[in-house]
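Overview (structure and organization)
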Amino acid sequence: MSTQEIVIPDIGAFDDVDVIEVLVNVGDTIKTDDPLLTLETEKASMDIPATASGVIKELKIKVGDKVKEGSLIGLLESKNTAEEKIQEKPEKIEKTKEDITEKLIAKPSRPSQEPPEKIKPQQPPLPVGESNLVNSGKSSHASPSTRKFARNLGVNLAFIQGSGPKNRILVEDIQIYVKQEMAKPRAENMGNQFAPIPMPNIDFSKFGDIESKPLSKIKKISGANLHRNWVTAPHVTQFDNADITDLEVFRKNMQKEADKKGVKLTLLAFLIKASVNALKAYPVFNSSLSPDGEELILKDYYNIGFACDTPDGLVVPVVKDALKKDVLEIAEELGKLSSKARERKLKMDEMQGGTFSISSLGGIGGTKFTPIINCPEVAILGVSRSAMQPIYNKEKKEFEPRLILPLSLSYDHRVVDGADGARFTSHLEMMLSDVRRLLL
Ligand code: CAO
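Residues numbered from 1 in each chain as written. Predicted model: local features only at pLDDT ≥ 70, side-chain atom pairs only at ≥ 80, totals over all residues. Heavy atoms only, no water.

1. A word on the site of the ligand
- Surveying the vicinity of the ligand reveals 21 residues, the closest of which are K264, D309, R342, S359 and S386.
- The separation between a nitrogen atom of the ligand and a polar main-chain atom of S360 is 3.2 Å.
- The protein chains hide 68% of the 980 Å² of surface that the ligand would expose on its own.
- At the level of elements, α8 (267-281), β13 (308-310), α9 (327-342) and β16 (356-360) are the ones that each hand at least two residues to the shell around the ligand.
- Of the residues belonging to the shell around the ligand, the class tally is eight nonpolar, eight polar and five charged. (Near = heavy atom within 4 Å. Polar contact = N/O pair within 3.5 Å; in protein donor to acceptor, adjacent residues only side chain to side chain. Areas by Shrake-Rupley, 256 points an atom, 1.4 Å probe, with all protein chains shown as cover. Helix = DSSP H or I, 4+ residues; strand = E, 2+ residues; numbered from the N terminus. Nonpolar A, V, L, I, M, F, W, Y, C, P; charged D, E, K, R; others polar.)

2. Focus: helix α3 (residues 144-153)
- Buried within α3 we find T146, F149 and A150. One side of α3 carries all its buried residues, which in axial view fall inside an arc of 95 degrees. (Buried < 20%, exposed > 50% of the residue type's maximum accessible area, 1.4 Å probe, protein only. Arc of directions from axis to C-beta.)

3. Some points on the sheet that holds strand β3 (residues 29-30)
- Judged by pairing direction, the sheet is antiparallel, and its four strands sit side by side in the order β1-β8-β6-β3 without closing on themselves. This sheet does not close on itself; its edge strands, each paired only once, are β1 (2-7) and β3.
- Bridge count between strand β6 (residues 54-59) and strand β8 (residues 72-78): four bridges; the pairing is antiparallel. When the bridges of β8 are listed, E58 appears paired with L75. (Pairing = 2+ DSSP bridges.)

4. A short note on the nonpolar core
- Core analysis: the biggest nonpolar cluster contains 53 residues, and I272, F285, F356, I358 and L432 have the highest contact counts within it.
- Top element by residues in this core is α8. It accounts for 10 residues.
- Beyond its immediate sequence surroundings of up to four residues, I272 is in contact with I304, V319, A322, I330, L334 and I358.
- The next biggest cluster of nonpolar side chains, apart from the first, holds 18 residues, and it includes I11, L36, A52 and I56. (Core = buried A, V, L, I, M, F, W, Y, C linked by side-chain atoms within 4.5 Å. Contact = heavy atoms within 4.5 Å.)

5. Re α9
- Counted at 1.5 Å a residue, the expected span for α9 with its 16 residues is 22 Å, and the 22 Å between its end C-alpha atoms agrees.
- When we look at burial in α9, the residues that qualify are V327, L328, I330, A331, L334, L337, S338 and A341.
- Capping of α9 at its N-terminal end is provided by D326; its side-chain oxygen lies 3.1 Å from the backbone amide nitrogen of L328.
- Of the residues trailing α9, R344 is marked for its positive phi of about 60 degrees. (Expected span 1.5 Å × (residues − 1).)

6. Examining the confidence of the model for the protein
- On average, residues of the protein score 84 in pLDDT, and 82% of them are at 70 or above.
- Below a pLDDT of 50 lies the segment residues 83-88, which in the model reaches seven contacts outside its immediate sequence neighbourhood of four places, other chains included.
- With pLDDT under 50 throughout, residues 105-133 is counted as low confidence; its partners more than four residues away or in other chains account for 40 contacts. (pLDDT = per-residue confidence, 0-100.)

7. Some words on the pairing of strand β18 (residues 387-393)
- Relative to strand β19 (residues 398-412), β18 runs antiparallel, the two being bridged by seven bridges. Bridge pairing in β19 places N393 opposite E398.
- With antiparallel pairing between neighbouring strands as the criterion, β18 and β19 make up a hairpin whose turn holds four residues, including K397 at a positive phi of roughly 55 degrees.

8. A look at the pairing of strand β4 (residues 35-40)
- Within β4, six of the six residues are buried, leaving the element largely enclosed by the surrounding structure.
- Note that strand β2 (residues 17-22) and β4 share four bridges and pair antiparallel. Paired with D18 across the strands is E40, a residue of β4.

9. A short note on the packing of aromatic side chains
- Counted according to the given criterion, the structure contains five aromatic pairs.
- Ring geometry for F356 versus F424: centroids 5.7 Å apart, planes at 45 degrees, classification tilted. Of this pair, F356 sits in strand β16 while F424 sits in helix α10 (residues 418-433), placing them 68 residues apart in sequence. Both residues of the pair, F356 and F424, count as buried.
- Every member of this aromatic cluster is reached through a ring pair, and the members are Y282, F285, F356 and F424. (Phe/Tyr/Trp six-rings, centres within 6.5 Å; stacked < 30°, edge-to-face > 60°.)

What follows is the structure, given as structure tokens:
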């Protein structure tokens, strides 16, 4: 056993070259030619290979260091250094030097016409509809210049299989990926062709104290769904106001009756009733697009989901067959489903089968918001906090204090036209302003 120094070989006339990645750790067993670290100039990056085999005893270099020929990388313990040295032919060392110098000068940011033969894609592209994320769950392995190259093209590295050492993504891998994506039929291309560029990975602790908390399972699932819905459905939000002065008087009176059954008669129960009525009048809002976008599937049942805020995140329980239930029954079911949601006792089927959703933030506050459609539903009603407002009474020619409820209806513009969006909220406004109509 003997210990030898590992040094930066001849890298040409380069001083102060950045170490951008250290590819080995103390204790690693390496073989000749294994990549030890990656250097990067402004023009290119290059791995420095080992010139002997053995076990890394010490590392004298870290990411961010600047090196030149002869800089000490670390100490290597080899079985038989003399033998190794004999095995290492002078021509081979010379060739390594040439390779490194050549690659550090090369300009990878200009794509060549044809990708080099050896870097053929390792995997066929995954079928559309399945996750094409090659590097999901871990960060992609690529040098800063490669990342910059990808960023300039708007390519998300998470979709790319690296062909470099330790699956590192190379510029050539990006070129191949872009070529493949461009060759796909347009419709297939739509979803994942050029995903948003990656978020910058910022070390927030540089600017102040931080605390990292894992996301709850609900947040992870709902976040992925919300993102998909947001990017696939072209959203339009129609705003309107409903005068609920009379409805509130009625609701409070009716609460006495509801108390006998131990039910809290919430505004949300009336909103569900009014929504079902509007859905019947405008069936397109109670539909879904077929996955191929060729057909509209109209549903003859009215299952209304309601966004429920729980300590773990957002869930959407569904009041089934709301058309067949009266306000009191709906209110009772709302109470039960909300409690179950907060106690994490909701069953899967209690969150399935929705045809339209309501997100009520009225109990919390706010004047308007733009809810995200719960796809494949095509619309969602957002409800904000009601407030007394001076409304001009044309007959009496005076302002009257009226309780006004702000409504925000987001709809999928592929399915619903703007005129129908305005008709739908006008219908809702009419129903909520006139309790008799609502309860008919
Ligand atoms: N304007 C003014 N006050 C309102 C109101 C409105 N639009 N809606 C409800 N309130 C008041 C109620 O009168 C009630 O007051 P009291 O306690 O004095 O009686 C209080 O707010 C609580 O209301 P509620 O018991 O009727 O419950 P709710 O129907 O407002 O809410 C639920 C039920 C499940 C929708 C709610 O708990 C919730 O989780 N909301 C958040 C939904 C959400 O997170 N949406 C965002 C999703 S992302 O798009």
